[in-house]
Amino acid sequence: MAKEQKVTPWEVEGEVDYERLTREFGTSFISEKIKKRIEKLHPLLRREFYFSHRDFDKWLESYDKGKKVSIITGRGPSEKMHVGHLVPFLVAKSLQDEFNCEVFIPISDDEKFYIKENLTFEKALEYSKDNIIDLIALGFKPGKTFIFEDFVYTDIYKFAARIAKRITYSESKAIFGLKPENNIGWGFYPAMQAAHILFPQFMRGSHLSVVPVAIDQDPFIRLTRDVAVHPDFNFMKPCALHSKFLPALTGAVKMSSSEGSQIFLTDSQEEVKRKINKYAFSGGQSTAEEHRRLGGNPDIDVPYQYLKMIFEDDDKKLKNIRDDYKSGKMLTGELKAYTIEKINAFLKEHQKKRELAKKQLEKFLMK
Ligand code: TRP
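All of these numbers come straight from a predicted model, not from anything done at the bench.

A. Geometry of the pattern of salt bridges. On inspection of all chains with the given rule, the structure shows 28 salt bridges. One salt bridge in this structure joins D97 and K93, with 2.8 Å as the shortest N-O distance. Remark: K93 and D97 occur in helix 5 (residues 87-99); sequence separation between them is 4 residues, near one turn of the helix. Among the residues examined, K93 registers a relative accessible area of 22% and is labelled partly exposed. In this structure, the salt-bridge partner of E355 is K358, at a minimum N-O distance of 3.0 Å.

And the structure:
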């Protein structure tokens, strides 16, 4: 029997039923009207990997009326960054390019320090530094993009404290349920993430911000929307755009740190080739002969999913691949080879940009 679905900010298990999550969390599906506004943006947006939202229609309306809007999304630096970690940031960049607005990127090194039993303080700081280089390398606009680490930009604490004072224990429990609270730091952390999400309004005054995140982070959004309107703040409720989870190479629901699960942004071309060939879950048939006869299933094929969501921007090419794979004209080995080529082209560029990013830290870090 399939494992029961479990989706929390610290655990994702079982077959995920996204429709059911949307109902349970009380979020909205992305409407046809919104789809029209994002149909030229990043594949993650226009190919429906982002499927749900809160008040993103209001965010667009606000923008159309010439009002200030912004984007905020964060990164918990638990390890070196892999392809799955890119998702919200590729979307934030695409939105920044389209709507020319400010982007705020908090790095929650405190969060991962609390949760990960074996992550030392020094290592948390090290991952932060390394992850920030990956984020800058994505090409955000200098002067309009602000990155900060909780452990370094300690000004964030005064906002978190003001928020923490307005969240009761029972409210936090109602939203997060039973958390693995082996220390009191993790109990406080939601106030910190709420401070991140409201940071654009603390800095620039009341306006609409949108948070692109994976759906498991929605409890933080709910908590923040409640506290935003407290008379101490009188802020606007932040909006959200929710994504699905990018599958692990092996086809598991979400990428993790186990070997063979993911592709790191610093992987060599050889490593990418080896991992895709060895681990990538295929929707093809077990022999070439059978595949020619029966065709493959792109919807469960991990290389195809990676192309669709991130690495093949060209809609026509993607459609040809889909058709050829389904009909059996394109073999699994051919699809894998093409995916390896596309991922490697992306990583080669990225790794070059990482070197440049190391000299640009000053332009992006909050002081
Ligand atoms: N908690 C997020 C994660 O584990 C990272 C994060 C920190 C974040 N601050 C945020 C996400 C603010 C969205 C908004 O990945």
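There is more to say after this.
B. Structural detail: helix 5. With 13 residues, helix 5 extends 18 Å between its outermost C-alpha atoms, agreeing within 8% with the 18 Å of an ideal straight helix rising 1.5 Å per residue. In terms of residue burial, helix 5 counts as a mostly covered element, since 10 of its 13 residues are buried. Those residues of helix 5 not exposed but buried are V87, P88, F89, L90, V91, A92, S94, L95, Q96 and F99. One or two positions beyond helix 5, positive phi appears at N100, with a value near 50°.

C. Representation of the domain arrangement of the protein within the structure. Taken domain by domain, the protein comprises domain 1 (6-244) and domain 2 (269-355). Inter-centroid distance (C-alpha atoms) of domain 1 to domain 2 is 30 Å. Taken together, the 14 residues of domain 1 in the interface contact 14 residues of domain 2. Here domain 1 packs against domain 2, burying approximately 1,300 Å² in sum over the two surfaces, 59% of which is carbon and sulfur. Its largest share of buried area at the contact with domain 2, domain 1 owes to R47, V83 and A137, together 43% of the area lost on that side. Taken together, domain 1 and domain 2 are joined by 5 salt bridges. Between D313 and R46 there is a salt bridge whose closest N-O contact spans 3.5 Å. The interface formed by domain 1 and domain 2 includes 9 residue pairs in polar contact (both at pLDDT 80 or more). Looking at the side of domain 1 that touches domain 2, the element that brings in the most residues is helix 7 (residues 121-137), giving 4 residues. Here the side of domain 1 that touches domain 2 is built from residues that sort into 9 nonpolar, 1 polar and 4 charged.

Calculation rules
Residues numbered from 1 in each chain as written. Predicted model: local features only at pLDDT ≥ 70, side-chain atom pairs only at ≥ 80, totals over all residues. Heavy atoms only, no water. Salt bridge = Lys/Arg side-chain N within 4 Å of Asp/Glu carboxyl O. Helix = DSSP H or I, 4+ residues; strand = E, 2+ residues; numbered from the N terminus. Buried < 20%, exposed > 50% of the residue type's maximum accessible area, 1.4 Å probe, protein only. Expected span 1.5 Å × (residues − 1). Domains from an automatic or database assignment. Contact = heavy atoms within 4.5 Å. Buried area = accessible area lost by both parts, 1.4 Å probe. Polar contact = N/O pair within 3.5 Å; in protein donor to acceptor, adjacent residues only side chain to side chain. Nonpolar A, V, L, I, M, F, W, Y, C, P; charged D, E, K, R; others polar.

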